[in-house]
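So the chains spell out like this:
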Amino acid sequence: MNPTTTAIDDHRVVTVRGLTKSYGGRVAVDRLDLDVSAGEVVGLIGANGAGKTTAVECVQGLRRPDAGTVRVLGLDPVRDADRLRPLVGSQLQSSSLPDRLRVGEAVALFSTRRARDADGLLERFGLAGKLRSAFGTMSGGEQQRLFLVLALLNQPRLVILDELTQGLDPAARREVWSSVAQLRDAGTTVLLVTHELDEAEVLCDRVVALRAGQVLDAGTPAELVTRHGGVVTTRFGTTSDPAGVVHAVDDLTGVHHVEVGADGQVTVRGDRSSIAHVGAWLVGRGSIPADLRVDVPDLETALLRLLDGPEPLPTIPAPTGVLR
């Protein structure tokens, strides 16, 4: 069947197979496979130059791949650009608007016949009172929320966000995160490029880690942390019977190793379940040490360990069903 005539109600919104793109002999994306299913928020993570932005530009049809296939809603982003354009909303890394352009004017400029209730979108993203505000007078968080409004204005099936919170202060980042979470909760499909790994952990159903244009690994943030983040470390002080503490704690579920330093500091290493079991053991003893501390690996830890690895892992096989 001709890909331009396939039904666009397929649950797989984005399908990429063997995508390769080079610039002047430098490979930016190297045989990339990627799937994004309806209603998912999928994040592309990796260091600068990993190929994240090039990949989403190919998905959007802004760049023509050197090799491989890209389908968005069953359509070729380059050949079927006119059909696909109304179905995809985007905020790219270089997005900007003229400083003097007012919010109401921007909404009118970007609206098509498919445009939904603009007033409702502005209300939803906290911009209802900003219709007459010039873009240049708005805060960074307000500007990014306006880009979200414009990306959603024409009822897209897919929203592409590239470094949405780059350069924003922590409060503005949280504002924008809340807005993206609203998209996720409403079932909007989102492809998110980000350097902010706490952002990926909060917002993404799945993440794909890239290095040198190749997939290192993919899965939920929790799966990547479990596979690559290392062990959980629990520390607390003890003043009595160190050997007895080691013996008792070493037998707890999820504990891999226990040691006591010369200063009486107990260090317990294990999986995430060890947190609960060590905590329960401490409660059972009748006291919680005042210096109790738990260090849990996060997605940043996992990615750094991945990036330090010698070679990319084998490409993750394409899923056969809806990933949630």
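Residues numbered from 1 in each chain as written. Predicted model: local features only at pLDDT ≥ 70, side-chain atom pairs only at ≥ 80, totals over all residues. Heavy atoms only, no water.

**Examining the overall build of the chain**
(1) Moving on: Scanning the chain from terminus to terminus reveals 11 helices and 13 strands.
(2) Moving on: With respect to the principal axes defined by its C-alpha atoms, the chain has extents near 75 × 45 × 35 Å.
(3) Moving on: Burial analysis of the chain (324 residues in total) assigns 46% to the buried set.
(4) Moving on: In the chain, the proportion of contacts linking residues at least 24 apart, taken out of those at least 6 apart, comes to 68%. (Helix = DSSP H or I, 4+ residues; strand = E, 2+ residues; numbered from the N terminus. Buried < 20%, exposed > 50% of the residue type's maximum accessible area, 1.4 Å probe, protein only. Contact = heavy atoms within 4.5 Å.)

**Points about the nonpolar core**
(1) Moving on: Among the nonpolar cores identified, the biggest contains 46 residues, and Ile45, Leu97, Leu146, Leu148, Leu161 and Leu299 are the most heavily contacted of them.
(2) Moving on: Contact partners of Leu97, with chain neighbours within four places excluded, come to Ala106, Phe110, Phe135, Leu146, Phe147 and Leu150. (Core = buried A, V, L, I, M, F, W, Y, C linked by side-chain atoms within 4.5 Å.)

**Looking at the side chain of Glu163**
(1) Moving on: Within the element layout of this structure, Glu163 appears in the loop between β6 (158-162) and α6 (170-185).
(2) Moving on: Buried charge without a partner: Glu163 forms no salt bridge, and the closest opposite charge is Lys52, 5.0 Å away.
(3) Moving on: Of note is the side chain of Glu163, whose polar atom sits 2.4 Å from the side chain of His195. (Lys, Arg positive; Asp, Glu negative; His and termini not counted. Salt bridge = Lys/Arg side-chain N within 4 Å of Asp/Glu carboxyl O. Polar contact = N/O pair within 3.5 Å; in protein donor to acceptor, adjacent residues only side chain to side chain.)

**With respect to the layout of surface pockets**
(1) Moving on: Looking at the largest pocket, its volume works out to about 640 Å³.
(2) Moving on: Gln60, Arg85, Val88, Gly89 and Ser90 are the residues nearest the centre of the largest pocket, which is lined by 24 residues in total.
(3) Moving on: Per-element tally for the lining of the largest pocket: the top contributor is strand β5 (residues 88-91), with 4 residues.
(4) Moving on: Partitioned by chemical class, the residues of the lining of the largest pocket number 14 nonpolar, 9 polar and 1 charged. (1 Å grid on protein atoms, 1.4 Å probe; cavity = no way out; pocket = protein on both sides within 12 Å on 5 of 7 lines; lining within 4 Å. Points joined across faces, edges and corners; volume = space filled by probe spheres on them. Nonpolar A, V, L, I, M, F, W, Y, C, P; charged D, E, K, R; others polar.)

**Thoughts on the sheet that holds strand β2 (residues 26-37)**
(1) Moving on: The 3 strands are arranged β2-β1-β4 in an open sheet whose pairing can be described as antiparallel. The strands lining the two open edges of the sheet, one partner per strand, are β2 and β4 (67-72). With direction set aside, neighbouring strand axes in the sheet form an average angle of 15°.
(2) Moving on: Bridge analysis of strand β1 (residues 12-23) against β4 gives 5 bridges, and the strand direction is antiparallel. Among the inter-strand pairings, Arg17 is bridged to a residue of β4, identified as Thr69.
(3) Moving on: Relative to β1, helix α1 (residues 52-60) is tilted by about 120°, and along the sheet it contacts β1, β2 and β4. (Pairing = 2+ DSSP bridges. Axes fitted to C-alpha atoms, helices over the stretch in contact; angles between N-to-C directions.)

**Observations concerning the confidence of the model for the chain**
(1) Moving on: Here the chain shows a mean pLDDT of 86. Residues at 70 or above account for 91%.
(2) Moving on: Overall, residues 1-9 carries pLDDT values under 50, and its contacts beyond four positions in sequence, including any with other chains, amount to 16 contacts.
(3) Moving on: Taken together, the stretch residues 312-324 has pLDDT below 50 and engages in 29 contacts with residues farther than four places along the chain or on a different chain. (pLDDT = per-residue confidence, 0-100.)

**Comments concerning the sheet that holds strand β3 (residues 41-45)**
(1) Moving on: As summarised here, the arrangement of the 6 strands in space is β5-β6-β7-β3-β8-β9, forming an open sheet in which the pairing is mixed. The sheet terminates laterally at β5 and β9 (214-219), the two strands that pair on one side only. This sheet shows a mean twist of 15° between the axes of neighbouring strands, independent of strand direction.
(2) Moving on: Relative to β5, helix α5 (residues 140-152) is tilted by about 165°, and along the sheet it contacts β5 and β6.

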